[in-house]
2 protein chains.
Amino acid sequence: MSTWDAKIKKVAIVGVGLLGGSMGLAMRAAEFAGPIVGVGRRRKSLADALAVGAVDSVTMDPAEGVVDADLVVLATPVGAFEAILRAARPALKRGALVTDVGSTKQEVVRMGERVLGRGGPFVGSHPMAGAETKGPTYARADLFAGATCIITPTAHTPRGSVRRVEAMWRACGMRTLRMTAAAHDKAVARVSHLPHVLAAVLAQMPTDDELQVAATGYRDVTRMAGGNPEMWRDILVTNPKAVAGAMAALSKRLGRLGKLIESGDAKAIEVFLDAAKKRRDRTIGRRFTERRVAAE
Amino acid sequence: MSTWDAKIKKVAIVGVGLLGGSMGLAMRAAEFAGPIVGVGRRRKSLADALAVGAVDSVTMDPAEGVVDADLVVLATPVGAFEAILRAARPALKRGALVTDVGSTKQEVVRMGERVLGRGGPFVGSHPMAGAETKGPTYARADLFAGATCIITPTAHTPRGSVRRVEAMWRACGMRTLRMTAAAHDKAVARVSHLPHVLAAVLAQMPTDDELQVAATGYRDVTRMAGGNPEMWRDILVTNPKAVAGAMAALSKRLGRLGKLIESGDAKAIEVFLDAAKKRRDRTIGRRFTERRVAAE
C-alpha cells in the first residue's frame, strides 16, 4: 500500500529512462512498499533500472507489465503511448489509474480517452523536471523535488482520479497545477517548444569559421538543441498548431525589431532591451535554482 | 616597463568596469610594474577600481588620464568611444598604442582611423570574455585566461602595432586571432547578437500564466536577455546590417521549419533535430568550460 493512496498496491512504469526510473526511486523514497514493475523495449535499460532499484521486476510486454497494477505511468516518448495503451488495455485492472509524463497534452489526453474510454482511468500529467543526462542510471529520487507538475483533466475526468494523480506527484515532491490541455500546449509552445526550435536553428546557422567567435552566450542559447531528437520530434508533431502559432508570433516581433535596428532607432532599441532585462530579472531569473539543469 | 613590451611604461584604461578592471589586474598578474591610470565617469566605479588594485590612480578626465600613457585601452560601451578619443587626442603621447574591447568592430575601427589618423595608433580588439557580474568589484586577473581575443587590423594598420596589441592580450592569458572587421561583425551577428535579440524577444513573449510552465530550458535560452541594455543597444546600433542579415536568415530557416511542423512531416523534423544535436554536441558543447559564464 502506498503512503499517499491506500488503493495503490502495485505500480507499473512503462519506459524506464531518466524520468521513469526517477519516479520509481521517488515513490520508494515516499515509502511506497508495494511492487514496481518496469516495462521497456531495451534489455539494457531494464537491467539498469533493476540495478539502481527503480523497479523490482521487468518485462518487455506492456500487457504483462500492467497486470494487477493500480497505477500505470507512461514514461516513454509521446509517440509510443497509443500502441502501448492498446497493447495493455486487455490486461488493465478495473479501476486502475493511468497517467503519463508527456510534454504535450491535447493529443495525448484525447487519445487516452479514446482508447480507455471517457470518464475512464486516463489523467494527463506533465512533470516539469528533467536533466541533461539520459537513462535509468542517472535516475534520482529527488529529480522532481520542488518542481511543478501540470495536470490536465477534461470535462469527463472523474475529480477523484484527478486528486489521486495529484497526490502521487505530491508524494514525489512536486507542486501540482491544473490546466486545460489546450492552455498547457499553448503555454509550453511558447516557453519550451519555440525555444527548442530556435536553439536547433541557431546551432546550425554559423559556419565553422564563425564559430571561432562563439562564446558562452551562444553555448547557453543552443543548449536545448542537445536534447533527444526522437522525444522532440514527438513533441513538435503532437503540438503543431500551438508551435506554429508561437513561431508566427515570434516572427512578427522580430520583424518589428528588425525595422528598429535597420533604422538605427537607438532609444527604441534600448527601451526594448530594458523591458526584456526587467522581465527576465524579475520574473524568470529568480524562479529557478541551478540544481535542475533541464526540463521539458 | 611591461614584461611583454619594453615600450609600455604606463597604461591608461578608460572605463573601469568588469572588463577594464580585470585588464588592470591581468596586467599586474603579468608583472607589469608601471603605473595604470583608470578613467571613468562615476566616482564609485573609480573608487572601487582603486580599492581592488586594478588601477593606481584615477581621473574623470580622459585627456588627463592618457598623458604619458604608452597604451590606452577603451573599455566603456562602444557608443562612448568617439567622444573619449576626441577628448583624449590632444593629450595623446606620440607613438602611443590605442585599442578597445568593443563587441562590434567595423564602425569602431573606421572611427578610430578617422579620429586618430590612418596608419595611426588605433588597433581594434574584441576580447571574447566576460561574466554575468558587473563593475570593478567583480574584476578578476584570470577573466581572460584561455579565451580568444579577435584583433581586426585594416590595410592601414602598421604590422608592428598589431603584434604589440596581440602581445598585450597574450600577456593577459588570451589566444589571439586576426580577422577583418567585416568578417568579425558578420560572425558575431550570427553567434552573439542574433542570439541576444532572440533571448530578449523570448523573455517578453509569455504571459505570467504561461510562465508557470517555464523550466530551465527557458531560463537558459533567455539568459542573455539579462545583459546590460546600454551595452547591447550600442552593439545593435553599430552592427545593424549584419544583425538584420542574420535575422533575415533565421526567419527564412524558421519559415521552412514551420512548414514541416504544420505538415506533420515527422521524418524531416527528426532529421532537422538530429542534425542540430550533432552540430551542437560535436562542435559547440565541447568548446566551452563552465567557468566563464558569459562573453560578448
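Owing to the predicted nature of the structure, the values given are computational and were not obtained by experimental measurement.

Asks: Any details on the nonpolar core? Residues and values, ideally.
Replies: In terms of nonpolar packing, the biggest core is built from 82 residues, with Leu250(A) and Leu250(B) touching the most fellow members. If sequence neighbours within four positions are ignored, Leu250(A) has contacts with Leu194(A), Leu198(A), Leu198(B), Val201(B), Leu202(B), Met205(B) and Leu254(B).

Asks: Would you mind going over the sheet that holds strand β4 (residues 71-74) of chain B in detail, with residue names and values included?
Replies: Residue and element names in this part refer to chain B. The strand order across the open sheet formed by 8 strands is β3-β2-β1-β4-β5-β6-β7-β8, and the pairing between neighbours is mixed. The outermost strands of the open sheet, each flanked by one partner alone, are β3 (57-59) and β8 (175-178). Across this sheet, the average inter-strand angle for adjacent strands is 25°, counted without regard to direction. Strand contacts of helix α1 (residues 18-29): β1 (11-14), β2 (36-39) and β4, with the helix running at about 160° to β1, the strand carrying the most contacts.

Asks: Can you explain the sheet that holds strand β3 (residues 57-59) of chain A? Please cite residues and give values.
Replies: Residue and element names in this part refer to chain A. Read across the open sheet, the 8 strands follow the order β3-β2-β1-β4-β5-β6-β7-β8; overall the sheet is mixed. Each of the sheet's edge strands pairs with one partner strand only, and the pair in question is β3 and β8 (175-178). Going from strand to strand, the sheet's axes swing by 25° on average, the running direction of each strand aside. In terms of strand pairing, strand β5 (residues 97-100) meets strand β6 (residues 122-127) through 2 bridges, oriented parallel.

Asks: Which residues make up the side chain of Asp5(A), and what values do they have?
Replies: With respect to the helices and strands, Asp5(A) occurs in the segment before β1 (11-14). Polar side-chain contacts of Asp5(A) include one of 2.9 Å to the backbone nitrogen of Lys7(A).

Asks: Can you tell me about the interface of chain A and chain B, naming the residues and giving the values?
Replies: Each partner contributes residues to the interface: chain A has 82 residues there, and chain B has 83 residues. Together, the buried faces of chain A and chain B total about 8100 Å²; carbon and sulfur atoms form 68% of this surface. For the salt bridge of Glu210(A) with Arg190(B), the shortest nitrogen-to-oxygen distance reads 2.9 Å. In this assembly, chain A and chain B are joined by 20 residue pairs in polar contact (both at pLDDT 80 or more).

Asks: So what's going on with the packing of aromatic side chains? Which residues, and what values?
Replies: Remark: the centre distance and the inter-plane angle together describe each pair of aromatic rings, the angle taken between the planes. Under the counting rule described, the total for this entry stands at 4 aromatic pairs over all chains. Here Trp4(A) and Phe32(A) contribute two aromatic rings whose centre-to-centre distance is 6.0 Å and whose plane-to-plane angle is 45°, an arrangement assigned as tilted. In this pair, Trp4(A) sits in the segment before β1 while Phe32(A) sits in the loop between α1 (18-29) and β2 (36-39), placing the two residues 28 residues apart along the sequence. The same class applies to Trp4(A) as to Phe32(A), namely buried. Taken together, a centroid distance of 5.7 Å and an interplanar angle of 65° make the contact between Phe144(B) and Trp169(B) edge-to-face. Here Trp169(B) lies in helix α6 (residues 159-171) and Phe144(B) lies in the loop between β6 (122-127) and β7 (148-152), a separation of 25 residues in the sequence. Of the residues examined, Trp169(B) reaches a relative accessible area of 0% and is grouped as buried.

Asks: Can you lay out the environment of Arg219(B) for me, pointing to particular residues and giving the numbers?
Replies: All names here are of chain B. Relative to the elements of secondary structure, Arg219 occurs in helix α8 (residues 216-221). Among the residues examined, Arg219 registers a relative accessible area of 6% and is labelled buried. Spatially, the C-alpha atom of Arg219 lies 9.7 Å from that of Ala199, the residues being 20 residues apart in sequence.

Asks: Would you mind going over the confidence of the model for chain A in detail, with residue names and values included?
Replies: Residue and element names in this part refer to chain A. Here chain A averages 92 in pLDDT, and 95% of its residues register 70 or above. Across residues 289-296, confidence stays below pLDDT 50; counting only partners more than four residues off in sequence or on other chains, it has 35 contacts. Among the scores for the predicted complex, ipTM is 0.82 and pTM is 0.82.

Asks: Lay out helix α11 (residues 240-263) of chain A in plain terms, naming residues and giving numbers.
Replies: A rise of 1.5 Å per residue sets the reference length of α11(A), with its 24 residues, at 34 Å; its end C-alpha atoms lie 34 Å apart and thus fit the reference within 8%. When α11(A) is considered as a whole, its buried residues turn out to be Ala242(A), Val243(A), Ala244(A), Ala246(A), Met247(A), Leu250(A), Leu254(A), Leu257(A), Gly258(A) and Ile261(A). Those residues of α11(A) that are buried lie in contact with α7 (181-204), α10 (229-237) and α12 (266-284) of chain A together with α7 (181-204), α9 (229-237) and α10 (240-263) of chain B. Two residues or fewer after α11(A) comes Gly264(A), characterised by a positive phi angle close to 70°.

Definitions and limits used
- Starting from 1, residues in each chain are numbered consecutively following that chain's sequence as written.
- Naming scheme: in the order in which they are written, chains are lettered from A and ligands are numbered from 1.
- Only residues with pLDDT of at least 70 get local features here, since the model is predicted, and only at 80 or more are side-chain atom pairs given and counted; chain-wide, interface and lining totals rely on the full set of residues.
- Hydrogen atoms and water are omitted, and side-chain values are computed over all heavy atoms in the structure.
- For this analysis, a nonpolar core means a set of buried residues of the types Ala, Val, Leu, Ile, Met, Phe, Trp, Tyr and Cys, connected via side-chain atoms within 4.5 Å.
- Partly exposed residues are those whose accessible area sits between 20% and 50% of the maximum for their type, while under 20% is buried and over 50% is exposed, using a 1.4 Å probe and protein chains only.
- Contacts are assigned to residue pairs that have any heavy atoms within 4.5 Å of one another.
- A pair of strands is labelled paired if DSSP reports no fewer than 2 bridges between them.
- Helix numbering and strand numbering both begin at the N terminus, where a helix is a DSSP run of H or I of at least 4 residues and a strand a DSSP run of E of at least 2.
- Here an axis means a line fitted to C-alpha atoms, over the contact stretch when the element is a helix, while the angle between two N-to-C directions is reported on a 0 to 180 degree scale.
- By the criterion applied in these results, polar contacts are pairs of N or O atoms within 3.5 Å in which, for protein atoms, one can donate a hydrogen and the other can accept it, and in which residues neighboring in sequence qualify only through two side-chain atoms.
- Here the quantity called buried area is the total loss of accessible area, with a 1.4 Å probe, experienced by two parts when brought into contact, counted for both.
- Salt bridge, as used here: a side-chain nitrogen of Lys or Arg that lies within 4 Å of a carboxyl oxygen of Asp or Glu.
- Centres within 6.5 Å are what make two rings of Phe, Tyr or Trp a pair, Trp counting through its six-membered ring; a difference in plane orientation under 30 degrees is then read as stacked, over 60 as edge-to-face, and the rest as tilted.
- Along the chain, pLDDT gives the predictor's confidence residue by residue, from 0 to 100.
- Multiplying one less than the number of residues by 1.5 Å gives the expected span of a helix.

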